[in-house]
Each structure stands twice: as structure tokens, then as C-alpha cells.
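The primary structure of each chain is shown beneath.
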Amino acid sequence: MVRTTEITIPDTTPYEELTGIYTIDPAHSAIGFSVRHAMITNVRAQFTAFEGLLKLDGNHPTRSEAYLSVQTSSLETGVPKWDAHVTGPDFLDSATFPLMSFRSSGVLDSGDDRFRLAGYLRIKDVELPVHIDLEFGGAGRDAQGRNRVGFEGTATLRRSDWGLDRNTALASGGALISDKVNLILDIAAVQVERDT
């Protein structure tokens, strides 16, 4: 007697219902970074003014796209003197370069609701490739009946690659500010209503 095993094939992909265009909700999102200071602690900062667009293809997640624009002058560290320094000519130079931006170039499905987003990050007049590790946080309808999705993302960058290499040597050795910067994203996005 031959035993057979029943295999159930789902009718839809896990993300099919997510297909659509979404705008990032800045009120429920956070874009920031942490950097090692004086070689003993991490300093955290975030940008408070940004906008972005997600084009999600639920049937083929690797065809999805992401675009983000951040106002460099909106940086907040919690210390006004630091804010002025980082947004000034020594680093972001917000007066000359008011925006930094990201545009995706590809998505790799890593499994278990994890993805690797490839793209290009432009800071000042330098655009370089970066990879952002994303985790899908979930989807649902909000109180207004709008479809929402959430993602968490991280990336490690070298600020000197974008010319943000100003630093001070410490008497004990090393530098005041680490070259390595950890980018941290918490993204909530709302689906754009389709015209009927």
C-alpha cells in the first residue's frame, strides 16, 4: 500500500494583498542614526521632516520600489549646539544641500519577512550604493479604514564616504566621532486611495 501526503498550495502569496502605492506617514515613522562618541558611548539623532513613497508588489516583492527625501535641517540630537554643528558647513551643510535622498534599485527576499533593499543614498553632492536590511512589521487597517504597512530597517554606513569626515583626535587615541554610522528606520506607510 502506497501512502500519499496531501500538499496544500496557497491560492495567494503572503504579501499579495499589500500591492499598491503607499506614502510614508511621518507622524508614525522615525528616521535616525547612532554614532559612537569619544569611543565610549553612542549618540542618537533623528530627522523630523521627511517624505517618501513605497510601490509594493505583493505578488513579486522583489519588484517593489522605495523613495525617500529628508530635510537635512530637521536633524535633532537633543542638544541645539550639536544640531547646529552637524547641520552646518562642517557636516551636512543644510543651507547648501537642504535635502538628502534615497532611491531603491532592487529588493532581495531573505525569507521570514526579511528583505535586503539595495539603492542609492545621496548626501550633499555624493550618491553612493547602500544596502538596507528590512523586516516587515505587519499590515492592517487603521481607524479611518486605510491600509497601513510597517517596516523596520538598519544599515551601517561610513560617513567619510560622503565627505562627512570632519573629526577631532583624542589625546588617549582614536577619534571623537566614529566613522561608522548606524542608520535606523521605523517606517509606517498608508496606501494611496485608488480612483474609482
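Coordinates for the structure precede this section.
Note that the structure is predicted; figures quoted are calculated from it, not measured. In this convention, every chain numbers its residues from 1, walking through the sequence in written order. Two thresholds apply to this predicted model, a pLDDT of at least 70 for residue-level local features and 80 or more for giving and counting side-chain atom pairs, whereas whole-chain, interface and lining totals are computed over all residues. To get the side-chain values, take all heavy atoms of the structure and skip hydrogens and water.

Trainee: Just checking my understanding: could you explain the overall build of the chain for this structure?
Mentor: Every helix listed is a DSSP run of H or I at least four residues long, and every strand listed is a run of E at least two residues long, numbered separately from the N terminus. Helix and strand counts for the chain come out as one helix and eleven strands. The cut-offs for exposure are 20% and 50% of the maximum accessible area for each residue type, with area from a 1.4 Å probe on protein chains only; residues under the lower value are buried, those over the upper are exposed, and the others partly exposed. Classification of the 196 residues of the chain by burial places 37% in the buried group. Counting only contacts in the chain whose residues sit at least 6 apart along the sequence, the fraction spanning at least 24 positions is 57%. Accessible areas in this description were obtained via Shrake-Rupley with a 1.4 Å probe; residue shielding takes into account the shown protein chains only. Approximately 12,200 Å² of the chain is accessible, and the part contributed by carbon and sulfur atoms is 52%. Residues count as neighbours in contact if any of their non-hydrogen atoms are within 4.5 Å of one another.

Trainee: In this structure, what is going on with the pattern of salt bridges? I would like to understand it.
Mentor: Should their charged atoms come close, side chains of opposite charge can pair. Each salt bridge in this description consists of a side-chain nitrogen of Lys or Arg and a carboxyl oxygen of Asp or Glu lying within 4 Å of one another. Applying the stated criterion across every chain, the model contains eight salt bridges. A salt bridge links D133 to R116; its shortest N-O distance comes to 2.9 Å. Residue D133 is located in strand β9 (residues 126-141), and its partner R116 is located in strand β8 (residues 114-123); the two are separated by 17 residues in the primary sequence. Given a relative accessible area of 35%, R116 falls into the partly exposed group.

Trainee: Would you take a moment to explain the side chain of Q191 for this structure?
Mentor: As for its position among the elements, Q191 is in strand β11 (residues 177-191). A relative accessible area of 12% places Q191 in the buried class. At a separation of 3.3 Å, a polar atom in the side chain of Q191 contacts the main-chain carbonyl oxygen of T19. Here a polar contact is taken to be a pair of N or O atoms separated by no more than 3.5 Å, where protein atoms must pair a possible hydrogen donor with a possible acceptor and residues adjacent in sequence count only if both atoms sit in side chains. In terms of polar contacts, Q191 uses its side chain to reach the side chain of N147, at 2.7 Å.

Trainee: Would you mind going over the environment of R63 with me for this structure?
Mentor: Turning to its location among the elements, R63 is positioned in the loop between β4 (50-56) and β5 (65-71). When the C-alpha atoms of R63 and V107 are compared, they prove to be 6.7 Å apart, with 44 residues separating the residues in sequence.

Trainee: Explain the nonpolar core to me, please; I cannot follow it from the model alone.
Mentor: Soluble globular proteins tend to pack their nonpolar side chains together in the buried interior. For our purposes a nonpolar core is just a set of buried Ala, Val, Leu, Ile, Met, Phe, Trp, Tyr and Cys residues, chained together by side-chain atoms within 4.5 Å. Residues I31, F47 and V149 are the most contacted members of the largest nonpolar core, which totals 41 residues. It is β11 that contributes the most residues to this core, five residues altogether. Not counting residues up to four positions away in its chain, the partners in contact with V149 are L18, Y22, L56, F136, G138, A139, I187, A188 and A189.

Trainee: How should the packing of aromatic side chains be read in this particular structure?
Mentor: Ring pairs (aromatic) are described by centroid distance and by the angle formed between their planes. For Phe, Tyr and Trp, rings pair up if their centres lie within 6.5 Å, where Trp contributes its six-membered ring, and each pair is then called stacked (planes under 30 degrees apart), edge-to-face (over 60) or tilted (otherwise). Inspection of the entire model under this criterion finds four aromatic pairs. For the ring pair Y15 and F136, a centre distance of 5.6 Å and an interplane angle of 85° mean the geometry is edge-to-face. With Y15 in the segment before β1 (20-24) and F136 in strand β9, the pair connects residues that are 121 residues apart, well separated along the chain. With relative accessibility at 12%, the residue Y15 sits in the buried group. Seen from their ring centres, F33 and F47 are 6.1 Å apart, and the 45° between their planes marks the pair as tilted. Placement of F33 in strand β2 (residues 30-37) and of F47 in strand β3 (residues 41-47) is noted, with a sequence separation of 14 residues between them. A single burial state applies to F33 and to F47, both of which are buried. Taken together, the aromatic side chains of Y15, F115, F136 and F151 make up a single cluster linked through ring pairs.

Function cannot be read off these values alone, since they describe shape.
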